[in-house]
Each structure stands twice: as C-alpha cells, then as structure tokens.
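Okay, here's what each chain looks like letter by letter:
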Amino acid sequence: MNQDIRLLPATETDPALDKELGAWFEAEFGPRADRWAPADYYVLINRDGQLAGRLGLLDSKVSVANQIIRVGGIGGVATKPEFRHRGVASAMLSRAAEFMKSDLGIEFGLLLCRHEVSPVYAKMGWVIVPGPTTFTRAGVSATYPSDTMILPLAGKTWPAGPIDMLGLPW
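A brief look at the structure comes next.

Calculation criteria
- Residues numbered from 1 in each chain as written.
- Predicted model: local features only at pLDDT ≥ 70, side-chain atom pairs only at ≥ 80, totals over all residues.
- Heavy atoms only, no water.
- Phe/Tyr/Trp six-rings, centres within 6.5 Å; stacked < 30°, edge-to-face > 60°.
- Helix = DSSP H or I, 4+ residues; strand = E, 2+ residues; numbered from the N terminus.
- Buried < 20%, exposed > 50% of the residue type's maximum accessible area, 1.4 Å probe, protein only.
- Expected span 1.5 Å × (residues − 1).
- Salt bridge = Lys/Arg side-chain N within 4 Å of Asp/Glu carboxyl O.
- Contact = heavy atoms within 4.5 Å.
- Polar contact = N/O pair within 3.5 Å; in protein donor to acceptor, adjacent residues only side chain to side chain.
- Pairing = 2+ DSSP bridges.

**Observations concerning the packing of aromatic side chains**
- With the rule as written, the count across this model stands at three aromatic pairs.
- Geometrically, the ring pair formed by F108 and W158 is edge-to-face, given 5.0 Å between the ring centres and 80° between the ring planes. Here F108, found in strand β5 (residues 108-113), pairs with W158, found in the loop between β9 (147-152) and β10 (163-164); they are 50 residues apart in sequence, far enough to count as distant. Neither F108 nor W158 differs from the other in exposure class; each is buried.
- Ring geometry for Y121 and W126: centres 6.4 Å apart, planes at 70°, overall edge-to-face. Neither Y121 nor W126 differs from the other in exposure class; each is buried.

Right, dumping it as structure tokens:
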C-alpha cells in the first residue's frame, strides 16, 4: 500500500479539489456548507493514488468562561467507506495535532462530535469537556447537543465553564 499524507492550506486547493472536498463534505454531513466555518487547512490522505480521507483544520479562537483561547479546530473528519477501520482517521488526527503544536504553536485542539464516535477520538488523547458549547448561525445562538472534546497540546489545563465558539461551528 502506498500512502501519502498532505497538509494543505485551504488557499492552495485547486478548483477540482475544492469541488471534490465540498461534495464529500455535503455527502457526509449534509447540505448547506454555509452552516459550518470553512477550514484554514486540510489534512488529506491518498492511498494507492485515491483520496481516502479528509480533515479540516481551523486556526480559531473560542471563549471559555469569558477568556479567549486560541484553538486548533478539527472538523469535517471523513474517511471513504472502503478505507474505514484502516487507520486513516488516526493518521490524519496525528498529523493535525503535530501541525497545531509544532507549526501553529496552539495549546489545545477542539472538536465537536456525536457521542457514539467520541471513543475514536479518546483513543488519541482527546477528552470530553463539559459545556455547554454554543455557536451562532445567521445571528441565532444554538447549543451543541453532543460532545465537545479538547486535545491538550502544551500541558496546560482547560478552564472550566461555558464554551462560545464565537461564530460558526466547525
């Protein structure tokens, strides 16, 4: 098996890749991409010349208990069905964590996920944090109904309290 992991700034994607990633996101997470914050970077895995996995990464800020914290936001994690249960998501998450810590100097990763998939992230060091976690879409505030997870990247303690994503979720 030949595998290639790329970390690509979103500004460097070509129109064909943009179209493919957008269609894939919509197929996995439903229509209305404007309901989610756009990625700043993508982690992409090709296996044997075929795109197998995608992960969006944002350099963002959230408010936690009224303090602003810079986070690496993880969103749109998807593996094509024929490549699932083969370490694709784990490889992408490892590459994203390395980039957030080493290249961006970010102290925490943050993601939102359904409760049934949080054990996948927990195996990689992600921890569920209490919220509530809120975000704003089209001027309307909403509370995320499932799990908010953080990945400590610098040995610091995540503050306790409500989390405001300061805009769209990812």
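**Here we look at the environment of Y42**
- Considering the arrangement of structural elements, one finds Y42 in strand β2 (residues 41-47).
- Residue Y42 is classed as buried on the basis of its relative accessible area of 13%.
- Expressed as a C-alpha distance, the spacing of Y42 and T13, which sit 29 residues apart in the sequence, is 9.1 Å.

**Remarks on helix α2 (residues 88-103)**
- Compared with the 22 Å implied by 1.5 Å per residue over 16 residues, the 22 Å span of α2 between its first and last C-alpha is a close match.
- Along α2, the residues that are buried comprise V88, A89, A91, M92, L93, A96, A97, F99 and M100.
- Just past α2, the residue G105 takes up positive phi, approximately 65°.

**Structural notes on the pattern of salt bridges**
- Taken as a whole and assessed by the stated rule, the structure comprises five salt bridges.
- Here K80 and E20 are joined by a salt bridge, their closest N and O atoms 3.7 Å apart. With K80 in the loop between β4 (67-79) and α2 and E20 in helix α1 (residues 15-29), this pair connects stretches of sequence that are 60 residues apart.
- Assessed through its relative accessible area of 35%, E20 is described here as partly exposed.
- Among the ionic pairs, R95 bridges to E98, the shortest N-O distance being 3.2 Å. Of this pair, R95 and E98 both sit in helix α2, three residues apart, which is roughly one turn of the helix.
- The class of E98 is partly exposed, set by a relative accessible area of 45%.

**Description of the side chain of K80**
- Assessed through its relative accessible area of 18%, K80 is described here as buried.
- Contact partners of K80, with chain neighbours within four places excluded, come to E20, W24, Q50, L51 and A52.

**Some points on the side chain of T133**
- Structurally, the position occupied by T133 is in strand β7 (residues 133-137).
- Accessibility expressed as a relative area gives 3% for T133, which makes it buried.
- There is a polar contact of 2.7 Å between the side chain of T133 and the side chain of T148.
- Each residue touching T133, except ones within four places of it in the same chain, is listed here: L112, A142, T143, Y144, T148, I163 and M165.

**Description of the pairing of strand β3 (residues 50-64)**
- The element β3 is extensively covered by neighbouring structure, given that twelve of its 15 residues are classed as buried.
- The pairing of β2 with β3 spans seven bridges and is classified as antiparallel. Across the sheet, residue I45 finds its bridge partner in β3, namely G53.
- Between the end of β2 and the start of β3, which pair antiparallel, lie two residues, with D48 showing a positive phi angle near 50°.
- Turn length for the β3-β4 hairpin, with the two strands adjacent in sequence and antiparallel, is two residues, and the turn residue A65 shows positive phi of about 50°.
- Summarising the sheet, β3 and β10 pair through two bridges and their orientation is antiparallel. Residue pairing across strands places V64 opposite I163, the latter belonging to β10.

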